[in-house]
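Structural description and commentary
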Amino acid sequence: MKYPHNLQDLDLQGCYELRSMPKGIGRLSNLKTLSWFHVSKDDDDDGCGIRELKELRQLEGALSICSLQNVIDPLEAQEADLMSKLKSLILRGCFRIRELPRGMKYLHNLQHLDLQGCYDLRSMPKGIGRLSNLKTLSWFHVSKDDDDDGCGIRELKELRQLEGALSICSLQNVIDPLEAQEADLMSKLKVDELQFWWDESGDKDVEVFQSLEPHTELSSLGIFFYSGFTFPRWLMIDLPSYNKLVSLTLHSCFECRVLLPIGELPLFEFLQLQNMEKLEEWSSSSNSRQEETDEFPSLLSLTIQFCRELRILPQPLLSSPRLCELHFECCPKLRMLPHAGALSKLTSLKNLRLGDEMEGLIQFLDETESLPPNLNRLYIPDCISVPKGLRNLSSLKHLEVCHTFRAHYSPEELPVNVIVTESWY
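In this report, the structure presented in the accompanying data block is examined. (Residues numbered from 1 in each chain as written. Predicted model: local features only at pLDDT ≥ 70, side-chain atom pairs only at ≥ 80, totals over all residues. Heavy atoms only, no water.)

**A short note on the overall build of the protein chain**
Regarding its fold elements, the protein chain presents 5 helices and 19 strands. By the burial criterion, 46% of the 425 residues in the protein chain qualify as buried. Residue pairs in contact within the protein chain that sit at least 24 positions apart in sequence constitute 59% of those at least 6 positions apart. Summing over all exposed atoms, the protein chain offers an accessible surface of approximately 21,700 Å²; the carbon and sulfur share of this is 48%. (Helix = DSSP H or I, 4+ residues; strand = E, 2+ residues; numbered from the N terminus. Buried < 20%, exposed > 50% of the residue type's maximum accessible area, 1.4 Å probe, protein only. Contact = heavy atoms within 4.5 Å. Areas by Shrake-Rupley, 256 points an atom, 1.4 Å probe, with all protein chains shown as cover.)

What follows is the structure in structure tokens.
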């Protein structure tokens, strides 16, 4: 190849059969765009090794380095001098990675570290808090302060540029609530999606969780495997201040008996409750004299699974003007709703899924003939008879039943033109 020394852009996107780069490509010192770089072994006469990247100091934007198995000597990779320029490190889906390189603290220009799908990752390297330009950090695994191989939650303090989604994992390793407070989540105003994960119960989970109070601009919040008996004050008392919250997931909060006052949030659209084993009653969240119908004004989707002690839902929930998806599964004590005809008020409900162990609620619907008037899709796993109200539900187009469905029914018991399908799920 004759080298055009003024070349600035070399776009190789879509060159799927390309297997090597010409020797001497490192002489293109003005090159700014190089989408792909295929590494050859040093003894390959037709290609070039990774060392040739060293002189391409003007490179910017995205660069994919391929065939890295051809790098035999780690010193060759070091000579490429890529780390000083690196702005994005995408490790998404590298599910076998257990730890990150200790030298990551020297990647001062790093802005994006994508760890989605790195399920075996167990710690973050010490000094990661020095990466003051970091904007994307999808997962942060907390280690105990005396762990030589990992870093504590304090290192989040200096990562002031973080934005988007952040999941903080292994929170049982935070022993002192003051450490959690030093993470200073309150100042990270651009982090709008936040998840808190515990692997097991800790000694001071409630106090630690209180110290992790974030700013009130959150749009999405997830809480997983929290073992406290109650939620912290910023969720129970100050939750109305989080008036931009759109989505909430509570998963495996086994000891919690009381839900958050989410009904008063004006933009709240999505709620998932899973494995809330001690939750018995979900009462109205309103503490004021406002009309109950003012609660849940924006709720679109509600999923409740494996809440085996839950007996009753709040009446305002069943008047939600926008609720269009409702999913119940393995809530065997949820046998009745606040009053007969409750579901008939959900005029926007299109999809209703009643999973396993929901026989009591199915029976209640059968007795009251209470179904949403505009329901389009209904899933019933198994029952002795189909709910009586189905025959008058002209909006119903899809009825999905489990493959073990026992009920015998005649076409007259179903609306005209309804499609009945069997499911294994």
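**Examining the pairing of strand β14 (residues 301–305)**
Burial of β14 is extensive: 5 of the 5 residues sit out of reach of the surface. Of the two faces of β14, the one lined by Ser301, Thr303 and Gln305 and the one lined by Leu302 and Ile304 are each fully buried. Across 5 bridges, strand β13 (residues 270–274) lies against β14 in parallel orientation. Its bridge partner lying in β14, Phe270 is registered against Ser301. Sheet topology note: the β14/strand β15 (residues 325–329) ladder contains 5 bridges and is parallel. Each residue of the ladder has a partner; that of Leu302, found in β15, is Leu326. (Pairing = 2+ DSSP bridges.)

**Looking at the pairing of β13**
By the bridge criterion, 5 bridges tie strand β12 (residues 247–251) to β13 in an arrangement that is parallel. Note on β13: the bridge partner recorded for His251 is Gln274.

**Digging into the nonpolar core**
In this structure, Phe196 and Trp282 are the most contacted members of the largest nonpolar core, which totals 98 residues. Per-element tally for this core: the top contributor is helix α5 (residues 359–368), with 4 residues. Among residues more than four places away in sequence, those in contact with Trp282 are Leu259, Ile262, Leu271, Leu273, Phe296, Leu302, Ile304, Leu310, Ile312, Leu313, Pro314 and Leu317. If you look at the next biggest cluster of nonpolar residues, it comprises 14 residues, including Leu10, Met21, Ile25 and Val71. (Core = buried A, V, L, I, M, F, W, Y, C linked by side-chain atoms within 4.5 Å.)

**Brief notes about the sheet that holds strand β6 (residues 112–114)**
The parallel open sheet is built from 3 strands, whose spatial order is β5-β6-β7. For this open sheet the edge positions go to β5 (88–90) and β7 (136–137), each flanked by a neighbour on one side alone. Pairing of β6 with β7 involves 2 bridges; the strand directions are parallel. For His112, the partnering residue across the bridge sits in β7 and is Thr136.

**As for the sheet that holds strand β9 (residues 164–169)**
Taken in spatial order, the 12 strands make up an open sheet running β8-β9-β10-β11-β12-β13-β14-β15-β16-β17-β18-β19, and their pairing is parallel. This sheet does not close on itself; its edge strands, each paired only once, are β8 (139–141) and β19 (419–423). Averaged over all adjacent pairs, the angle separating strand axes in this sheet is 10°, with direction ignored. (Axes fitted to C-alpha atoms, helices over the stretch in contact; angles between N-to-C directions.)

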